[in-house]
Amino acid sequence: MTELAARAQEAMRLAASDPGAATPLAAEVARTARQAHEWSVVCVAERALGVAAMQQSRLDHALRSLRASVVAGLRADDRVATGEARMSLASALMMSGRPQRSFQEIDRALTDLDGLPAARARTQRAAIYQDLGRLDEALDDLRRALPVLRAAGDAQWATRALSNRGLLHATRREFGAARRDLRAAGHLCDEHELRVPAAFVEHNLAWVDSQAGDVPSALAHMAAATTMFTDLGLSPGSLLTDHAELLLSVRLVAEARSVAEDAVAADERDGRRNHLPESRLLLSTIALVQGDTRTALSSAETAAREFARLRRHEWRALADFSRIQALVAAEQPVAPTRCRRAAEELAEAGWAVPALEARLLAGWLELGRGRTAEARRDLAEAGRARRFGPADARARAWLGEAMLREADGRRAGAVSALRAGMRVLEDHRATIGATELRAHVSLHRGAIARMGMRLAVEDGDARASLWWAECAKATAAPARDARPPADATLAALLAELRGVMESIGERRSEQQPTGALTARQVTLEREVRDHCRQHPGSSARSVLPPDVPALADALGRTALVEYLELADELLAVTVVDGRTRLHRLGPAERVVHLAEQVPFALRRLARDGAAGRTGDSSLAAARLLARACAALDEALVGPLLQAVGDRPLVVVPTGQIDSVPWSLLPRCAGRPVSVSPSATLWLVAAGRRAAEPGRTVVVAGPGLDGARAEAQIVAALHTSPTVLVGPDATARDVAAAMDGAALVHLAAHGRVRSDNPQFSSLALADGPYTVYDLERLDRAPHQVVLAACDTGRSALVAGGEILGFTSALLAGGTATLVAPVVPVPDVATVDLMRAYHRALSAGRAPADALAAAQESTGRGGHAALAAAAGFVQLGYGGQPLPREVSPAPVGDSDVHDTLLTAPGAART
């Protein structure tokens, strides 16, 4: 082999592993060899240029170089070199959307090749078969190719074959086999330093885990793949879009927005014209979820033009409807005829649920214009789908039927239609999230509950208002579970359902019919429903709330107060001794304004207290806090006194007032108050009982001043506690200790994710401990004390879903949670926790213990006030723990004195 030929082979070797280094070397060799008329060398060098360009998503350059490679091979009369050049050209043609030309080239290549080169060509043809959905033929080619590649020691092509076979297994929902192949491919990459194939293997592992429902693992692989692509100078291409869709599927909306913006920029830079409008449409969707109507509208408009230019009419219809949604969200005028036309185009393109949304929107706009006859036609058309099709479509069709019946003056019939829609959601609650990878629609499931609540309030029906308010909390915009369910059958069904949904999207992208896949979707949804009926423990939490008698039995003499917001009005439903009442409290805006002042004032007091400041700013904050709490007391509690009297309270706030420190409201001072994200979750928590004898676990996380001393003080108040501090407070050891514990006290930094509570976390010695980690416990701890900032606060995402640590813990099996809703000062928090745990160890119930602790410690200055006010008791607070009383040991006061002289910091 001549030196020039050797350099051409080196360029070819680098093309797949380091395209940036391969390109200048191959260009120089091709130029020199062409001048010398060494056409075999030109063939190899041009092929190296083409392969490197493919890796960098420069498809025009790749096609030009690979065609030149074929020509050079023919001139050299070198069948093997020509066949290998055709093999690479086939790949580039497939990436460019020309499958027939691709098949022609790969078949010509196979006539020229045998042995190892033929095995490589079969691997390439398998990838083409795979892209076209011809999975059996793809597997057959890989079955024939892999032994030859392994025998020849061809690590690069064996890696490609294993990686592609792993994806084929995943497509067939054979996730164990998929992971085995991909890990084997990864080992080959590590052993032979194949950096580019390793990046693709990492991307493929992310996709497999996403399809299997293991989102945390998928996100970890996605992050690693992104880093590898960046380091190698590769175009991230579809990697970024996959990443953004995965983030959106679990409601990590802010991160999804950032990644989607990067995907658009990468597609623009690399000239990926086929993929660019899909990235723009995804960005539009995310912006709409965030309420950024300007970006949503501009991205959808541009995507619609690009889809039209590419003659991808199915996707243009969806982009057009996204434009309409953005206009409506921005309160811009939209003609009902435009929605009607969009509905027809969407239905023709196979977008069943968006077509229903468009038809419902047309009817709603006509009703707003007083054109009942026109609205009736649209709503009747939408209502026809209530008996068939995917669950989402049927539920929305029942919403259309309800709107039609109300327009006809049949209010009772409208309520019946809404309840039918809720039953569809109840039957299919386990599939919620699995089918919602993209939030292309703005009328979420909660629209059914909100309409029901409006009708109930207009009728003055307190029981119905409470029932629909609870439905709204359970149904709106649910996030996908972070991990697959433990039930293997359900996990497999949901994984197949996700795969079918992805295949539907791919078929639409290729303008292929989706009828058979949609029928499979409906069948799978039915199978999931039937499985969950037979195995109730497998299903997601119910979307249907309990009735009032069940609540009344659990409440006893305690009063329930559930706040609800409707059309900018704040209302409350009280349940006392089985009697429900509906209270109108006035405009919500004023209460929201007051509620926003309270955390500001408490943060100021906490910050000043931590720094030892007691100047004018602290006094001003204290006065602001007193005024705001007095006004909130008049607005939220005063109008209800006749109904609730001096009873203990269970409060279910709206999202706008979930940070209210109830202990500071004058009429709640000293009164046991339990807060819950919903009455349904409270009732479930009330039915739980702690195991006997109960175990106590005390944990102190890193980076929190006084956490270790706090842990020692709390531990001293209980019998034989398990104490994990410093390096011992690892996620694994904390999880093992918490499993089945009666009481867990966690002093740690907390981070609440408003977009998906399962990614909320506490900082432990080896990193964050998330809610999805907590949900993997066999038995949730009965009572949890989270001495960390904002962990108790519920949060809202688009659609009004109750989220946060609170919901996740209560839904996961915990009965009682004590946590702060604002930052709290470190030292003063220790005093409050001492008083609370003393009351618990004396046999007092959690709500009563916290009320007593707040009253006794909140008078010791501004910092003590902020600490006492910051905590709330969430869930069920009426059951003392079944534990032995343990008196505080000698030496407790010494620790306390040390803490009081130590510098403190507000917990964040």
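Above: the structure in question.
The structure contained in this document is the topic of the report that follows. (Residues numbered from 1 in each chain as written. Predicted model: local features only at pLDDT ≥ 70, side-chain atom pairs only at ≥ 80, totals over all residues. Heavy atoms only, no water.)

### Overview of the nonpolar core
Thought 1: Within the largest apolar cluster, 66 residues are counted, with the highest numbers of intra-cluster contacts made by Y563, L636 and W662.
Thought 2: In terms of residue count, helix α29 (residues 616-637) provides more of this core than any other element does, ten residues in total.
Thought 3: Those residues in contact with L636 that lie beyond four places of it in its chain are Y563, L570, V591, I657, V660 and W662. (Core = buried A, V, L, I, M, F, W, Y, C linked by side-chain atoms within 4.5 Å. Buried < 20%, exposed > 50% of the residue type's maximum accessible area, 1.4 Å probe, protein only. Helix = DSSP H or I, 4+ residues; strand = E, 2+ residues; numbered from the N terminus. Contact = heavy atoms within 4.5 Å.)

### A word on the pairing of strand β4 (residues 649-652)
On any regular strand, side chains alternate: one points to one face of the sheet, the next to the other face.
Thought 1: Neither face of β4 is left uncovered, since the one carrying L649 and V651 and the one carrying V650 and V652 both have all their residues buried.
Thought 2: As paired strands, strand β1 (residues 559-566) and β4 are joined by four bridges and run parallel to one another. Opposite A559, over in β4, you have L649 as the bridge partner.
Thought 3: Here β4 pairs with strand β5 (residues 673-675) via three bridges, running parallel. Bridge assignment links V650 to a residue of β5, and that residue is S674. (Pairing = 2+ DSSP bridges.)

### A word on the sheet that holds strand β9 (residues 750-751)
Thought 1: Taken together, the three strands give an open sheet; going across it, the order is β9-β10-β11, and neighbouring strands pair in antiparallel fashion. Whereas interior strands pair on both sides, the edge strands pair on one side only; in this sheet they are β9 and β11 (767-770).
Thought 2: When β9 meets strand β10 (residues 761-764), the two strands line up antiparallel, connected through two bridges. Each bridged residue has a counterpart across the sheet, and for R751 the counterpart in β10 is S761.

### Quick word on the packing of aromatic side chains
Thought 1: Enumeration according to the criterion identifies six aromatic pairs in this entry.
Thought 2: Summarising the aromatic geometry, the rings of F200 and F229 are spaced 5.2 Å apart at their centres and angled 75 degrees between planes, so their arrangement reads as edge-to-face. Placement of the pair is F200 in helix α11 (residues 195-212) and F229 in helix α12 (residues 215-232), with a sequence separation of 29 residues.
Thought 3: Taking the relative accessible area as the measure of exposure, F200 reaches 32% and is therefore partly exposed.
Thought 4: Residue class for F229 comes out buried when judged on its relative accessible area of 3%.
Thought 5: Taking the ring centre of W39 as reference, the NZ or CZ of R75 above it sits at 3.9 Å. (Phe/Tyr/Trp six-rings, centres within 6.5 Å; stacked < 30°, edge-to-face > 60°. Lys NZ or Arg CZ within 6 Å of the ring centre and 35° of its normal.)

### Section: unusual backbone geometry
Thought 1: Of note in the backbone geometry, H37 takes a positive phi value of approximately 60 degrees without being a glycine.
Thought 2: Its location among the elements puts H37 in the loop between α2 (19-35) and α3 (39-55).
Thought 3: Classification of H37 by relative accessible area gives exposed; the value is 55%.
Thought 4: If you check the backbone angles, A567 has positive phi at about 50 degrees while not being a glycine.
Thought 5: Mapped onto the secondary structure, A567 falls in the loop between β1 and β2 (569-576).
Thought 6: By relative accessible area, A567 is classed as exposed at 74%.

### With respect to the side chain of H275
Thought 1: For H275, the position within the fold is in the loop between α14 (253-270) and α15 (276-290).
Thought 2: Here the side chain of H275 touches D267 through a polar contact of 2.8 Å, side chain to side chain.
Thought 3: Contacts of H275, omitting those with residues within four sequence positions, involve G237, S238, T241 and D267. (Polar contact = N/O pair within 3.5 Å; in protein donor to acceptor, adjacent residues only side chain to side chain.)

### Looking at helix α31 (residues 679-686)
Thought 1: Counting buried residues in α31 gives seven out of eight residues, a clear majority hidden from the surface.
Thought 2: Taken together, the buried positions of α31 are occupied by A679, T680, L681, W682, L683, A685 and A686.

### Observations concerning the sheet that holds strand β6 (residues 696-700)
Thought 1: Read from one edge of the open sheet, eleven strands run β3-β2-β1-β4-β5-β16-β15-β12-β8-β6-β7, paired in mixed fashion. In the strand order of this sheet, the two ends are held by β3 (579-587) and β7 (722-725), each with one partner. For this sheet, the mean inter-axis angle between neighbouring strands, taken without regard to orientation, is 20 degrees.
Thought 2: The pairing of strand β15 (residues 816-820) with strand β16 (residues 871-875) spans five bridges and is antiparallel. Counterpart to T816 in the pairing with β16 is G875.
Thought 3: Contacting β6, β7 and β8 (743-747), helix α33 (residues 731-738) runs over the sheet at an angle of about 160 degrees to β7. (Axes fitted to C-alpha atoms, helices over the stretch in contact; angles between N-to-C directions.)

### What to know about the pattern of salt bridges
Thought 1: Here the structure, examined in full by the defined rule, presents 42 salt bridges.
Thought 2: R7 is paired through a salt bridge with E28; the nearest N and O atoms lie 3.1 Å apart. Of this pair, R7 sits in helix α1 (residues 3-17) while E28 sits in helix α2, and the two are 21 residues apart along the sequence.
Thought 3: Here R7 falls in the partly exposed class, since its relative accessible area comes to 25%.
Thought 4: Residues R340 and E366 are paired through a salt bridge, measuring 2.7 Å at the closest nitrogen-oxygen approach. In this pair, R340 is assigned in helix α18 (residues 336-349) and E366 in helix α19 (residues 352-368), connecting sequence segments 26 residues apart. Side by side, R340 and E366 carry an identical accessibility label, which is buried.
Thought 5: When salt bridges with common partners are traced through the structure, they connect R340, R359, E366, R371, E374 and D378 into a single cluster. (Salt bridge = Lys/Arg side-chain N within 4 Å of Asp/Glu carboxyl O.)

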